[in-house]
Amino acid sequence: MTATAEPAKVRGETILAVDQLVKHFPISQGVLFKKTIGQVKAVDGVSFELRRGETLGVVGESGCGKSTLARLLMRLETPTAGRVTLEGRDLLRATGADLRRLRRNMQMVMQDPYTSLNPRMTVGDIIGEPFEIHPEVAPKRSRRQRVQELLDVVGLNPEHLNRYPHQFSGGQRQRIGIARALALRPEIIVCDEPVSALDVSIQAQVINLLEQLQDELGLSYIFIAHDLSVVRHISDRVAVMYLGRIVEIGTEEQIYQRATHPYTQALLSAVPVPDPEARDRRTIIRLTGDVPSPAEPPSGCHFRTRCWKAEEVCATQDPLAVPRAADPHPSACHFAEVRTEV
Ligand SMILES: Nc1ncnc2c1ncn2[C@@H]1O[C@H](COP(=O)(O)OP(=O)(O)OP(=O)(O)O)[C@@H](O)[C@H]1O
Ligand SMILES: [Mg+2]
């Protein structure tokens, strides 16, 4: 037992709060005299809370802003506007020792285990690298042992710390990425499509590992994926993103059983259903048209150009993500409670 003055950490309390986060990338033209000719609205007013010990799935099509959101949380990008509160502190304005401590507490697992590990570094050096920046976590003499413990924790042979990334399979490399993320004992891990580059059989193993680590270490996850089928098993709650915005957010049950946003309903109808009877009963929703460019999102509701429920109001008024009559979870649709045949 170590004496500590820190307040007790309660499972379920808010650990991270994101408020109206915005990231617009300028589009510039010209070689010598760069002129800004527009903005890519990659993240366009995203708000949510992450609770201690939970997994929040974040789902949406390519380009909807998932990685930008993750990079903003990691402070790898500077936001255009908005606020992020981590453990009650203002993350985006933190400096010095405060920032170092907050940064330590939130780590990231990248999508592609083939490109995210430096091929010229041994696995021991890759996993131990964070200790160079935060030497207070593991004194030099204990680092080798700490790296071996981390390898063991993620199910790799602790004796393999002198090997190079190319000597490992894709699934094993992602375990190395997870070990590195765990090195500084963070409370939050942002997983940006951690299994998308892996074979389906390996995906389940990596997800099981993440779940086991969450149970043992009380971690909170933001788990980003393309589609709803990947995040279902691991998520306590799910946020659905479309063109830089969260269009619906709710518990696993609210999203998978009682989704009210047409975009979520369309994504769900594309999820494979193994049971043939259930498959026959459900309505397939085929979205027409492409996702509009985030440089020129439609006025009002961003989804209206592909929505079968769209009416005039959708072009003029932004639907707020508030609880709708059909269910008490936030859904950004004017007609969330109206059932329509498709
Ligand atoms: N550094 C940047 N400069 C300009 N535009 C960017 C930059 N990073 C991302 N974007 C644009 O912002 C939008 C969101 O990109 P982002 O990578 O966050 O999407 P994503 O949801 O992670 O997509 P994917 O599923 O393909 O990984 C895209 O239109 C992308 O082209
Ligand atoms: Mg991405």
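Residues numbered from 1 in each chain as written. Chains lettered and ligands numbered in written order. Predicted model: local features only at pLDDT ≥ 70, side-chain atom pairs only at ≥ 80, totals over all residues. Heavy atoms only, no water.

1. Examining the overall build of the protein chain
Counted only if it meets this: Labels follow the DSSP assignment, with helices taken as runs of H or I lasting at least four residues and strands as runs of E lasting at least two, numbered in each case from the N terminus. Radius of gyration: over C-alpha atoms. The globule rule applied is 2.2 Å multiplied by the number of residues raised to the 0.38 power. Contact criterion: two residues are considered in contact whenever any of their non-hydrogen atoms come within 4.5 Å of each other. Method for areas: the Shrake-Rupley scheme with a 1.4 Å probe, in which residue coverage is limited to the protein chains shown. For the purpose of charge, His is not counted, nor are the chain termini; Lys and Arg are scored as positive and Asp and Glu as negative. The atom standing in for a charge is NZ when the residue is Lys, CZ when it is Arg, CG when it is Asp and CD when it is Glu.
Of regular secondary structure, the protein chain possesses eleven helices and twelve strands. Over its C-alpha atoms the protein chain spans a radius of gyration of 21 Å, differing by no more than 12% from the 20 Å that the globule rule assigns to 342 residues. Based on the C-alpha atoms only, the size of the protein chain along its principal axes is roughly 65 × 60 × 45 Å. Contacts in the protein chain between residues at least 24 apart in sequence constitute 63% of all its contacts with a sequence separation of at least 6. As displayed, the protein chain offers around 17,400 Å² of accessible surface, 50% of which is attributable to carbon and sulfur atoms. Both charge centroids of the protein chain, one from 42 positive and one from 42 negative side chains, sit 6 Å from each other.

2. A few points about the site of ligand 1
What counts here: For each residue, the test is whether any non-hydrogen atom lies within 4 Å of the molecule or strand; if one does, the residue is near. The term polar contact refers here to a pair of N or O atoms within 3.5 Å; inside protein, the definition further demands a hydrogen-donor-capable atom paired with an acceptor-capable atom, and it admits residues adjacent in sequence only when both atoms are side-chain atoms. The nonpolar class holds Ala, Val, Leu, Ile, Met, Phe, Trp, Tyr, Cys and Pro. Asp, Glu, Lys and Arg form the charged class, and all remaining residues, Gly among them, are polar.
In the region of ligand 1, 14 residues are neighbours, and Ser-62, Gly-63, Lys-66, Ser-67 and Thr-68 sit closest. Within the backbone of Gly-63, a nitrogen or oxygen atom sits 2.8 Å from an oxygen atom of ligand 1. Residue Gly-65 places a main-chain N or O atom 3.1 Å away from an oxygen atom belonging to ligand 1. Contact with the protein chains hides 63% of the accessible area of ligand 1, taken as 640 Å² for the molecule alone. Elements that contribute at least two residues to the shell around ligand 1 include exactly strand 2 (35–51) and helix 1 (66–73). The element best represented in the shell around ligand 1 is helix 1, accounting for three residues. In the shell around ligand 1, the residues fall into five nonpolar, six polar and three charged.

3. Some points on the pattern of salt bridges
Opposite charge on two side chains permits pairing when their charged atoms draw close. Rules: The rule for a salt bridge is simple: a side-chain nitrogen of Lys or Arg has to be within 4 Å of a carboxyl oxygen of Asp or Glu. With a 1.4 Å probe rolled over the protein chains alone, any residue whose accessible area is under 20% of its type maximum counts as buried; one over 50% counts as exposed, and the rest are partly exposed.
Inspection of every chain in the model, using the stated rule, returns 18 salt bridges. For Arg-93, the salt bridge is made with Asp-90, and the minimal N-O distance between the two is 3.3 Å. Residue Arg-93 is classed as exposed on the basis of its relative accessible area of 54%. One salt-bridge network, in which partners are shared between bridges, spans Glu-87, Arg-89, Asp-98 and Arg-101.

4. Concerning the environment of Tyr-221
Considering the arrangement of structural elements, one finds Tyr-221 in strand 8 (residues 220–225). Considering only alpha carbons, one finds Tyr-221 and Ser-67, 154 residues apart in sequence, at a separation of 15 Å. Those residues in contact with Tyr-221 that sit more than four places away from it in its chain are Leu-50, Glu-54, Thr-55, Leu-56, Ile-189, Cys-191, Leu-210, Leu-213, Gln-214 and Ile-234. Only 2.5 Å separates the side chain of Tyr-221 from the backbone oxygen of Leu-210, close enough to count as a polar contact.

5. Considerations on the packing of aromatic side chains
Note the threshold: Pairing of aromatic side chains here covers Phe, Tyr and the six-membered ring of Trp, requires ring centres within 6.5 Å, and sorts the geometry by plane angle: under 30 degrees stacked, over 60 edge-to-face, intermediate tilted.
Taken as a whole and judged by the stated rule, the model has three aromatic pairs. One aromatic cluster is present, built from ring pairs that chain together Tyr-242, Tyr-263 and Phe-303.

6. Observations concerning the packing of helix 3 (residues 123–133) against helix 5 (residues 170–182)
Short version of the rule: Axes here refer to lines fitted to C-alpha atoms; in helices the fit is confined to the stretch in contact. Angles between the N-to-C directions go from 0 to 180 degrees. Reported orientations rely on four angle classes, namely roughly parallel under 35 degrees, roughly antiparallel over 145, roughly perpendicular from 65 to 115, and oblique for the rest. Handedness of a crossing is defined here by the sense of rotation of the near helix relative to the far one, left-handed for an anticlockwise turn of less than a right angle and right-handed for a clockwise turn.
At a minimum axis separation of 7 Å, helix 3 and helix 5 run at an interaxial angle of 30°. Between helix 3 and helix 5, the interaxial angle falls into the category roughly parallel. Where helix 3 crosses over helix 5, the two elements pack in a sense that is right-handed. Taking contact as the criterion, the partners of Val-123, Ile-126, Ile-127 and Pro-130 in helix 3 are, on helix 5, Ile-176, Ala-179 and Arg-180.

7. Section: the side chain of Gln-203
Mapped onto the elements of the fold, Gln-203 is located in helix 6 (residues 200–217). Reaching out from Gln-203, the side chain makes a polar contact with the backbone oxygen of Leu-198 at a distance of 3.2 Å.

8. Details of the nonpolar core
What counts, and what does not: In these notes, a set of buried Ala, Val, Leu, Ile, Met, Phe, Trp, Tyr and Cys residues joined through side-chain atoms within 4.5 Å is what counts as a nonpolar core.
Of all hydrophobic cores here, the largest spans 60 residues; its most connected members are Ile-178, Phe-223 and Leu-228. Contact partners of Ile-178, with chain neighbours within four places excluded, come to Val-109, Val-154, Val-206, Leu-209, Leu-210 and Leu-213. Grouped together as the second largest cluster of nonpolar side chains are 33 residues, Leu-16, Leu-86, Met-106 and Ile-249 included.

9. Considering helix 5
What counts, and what does not: Multiply 1.5 Å by the residue count of a helix minus one, and that product is the helix's expected span.
Between the first and last C-alpha of helix 5 there are 19 Å, a value that for 13 residues agrees with the 18 Å anticipated at 1.5 Å per step. Among the 13 residues in helix 5, eleven count as buried, and that is most of the element. When we look at burial in helix 5, the residues that qualify are Gly-170, Gly-171, Arg-173, Gln-174, Arg-175, Ile-176, Gly-177, Ile-178, Ala-179, Ala-181 and Leu-182. On the buried face of helix 5, the contacting elements are strand 6 (106–109), helix 3, helix 4 (143–153), strand 7 (188–192) and helix 6.

10. Some points on the UniProt feature "domain: ABC transporter" (unreviewed entry) in the protein chain
For the record, the criterion: UniProt positions are given in the numbering used here, feature names are shortened, and annotations may be inferred rather than shown by experiment.
Under the local residue numbering, the UniProt record ascribes the feature "domain: ABC transporter" (unreviewed entry) to residues 16–268. Between the C-alpha atoms that bound residues 16–268 there is a distance of 27 Å. The span itself is 36% helix and 28% strand.

11. Observations regarding the packing of helix 3 against helix 4
In contact at an axis separation of 10 Å, helix 3 and helix 4 are set at 115° when each is read in the N-to-C sense. The handedness of the crossing between helix 3 and helix 4 comes out as right-handed. Taken together, the residues of helix 4 that come into contact with helix 3 (itself represented by Val-123, Gly-124, Ile-127, Gly-128, Phe-131 and Glu-132) are Arg-143, Arg-146, Val-147, Leu-150 and Leu-151. Partitioning the contact of helix 3 with helix 4 into residue classes produces six nonpolar, two polar and three charged.

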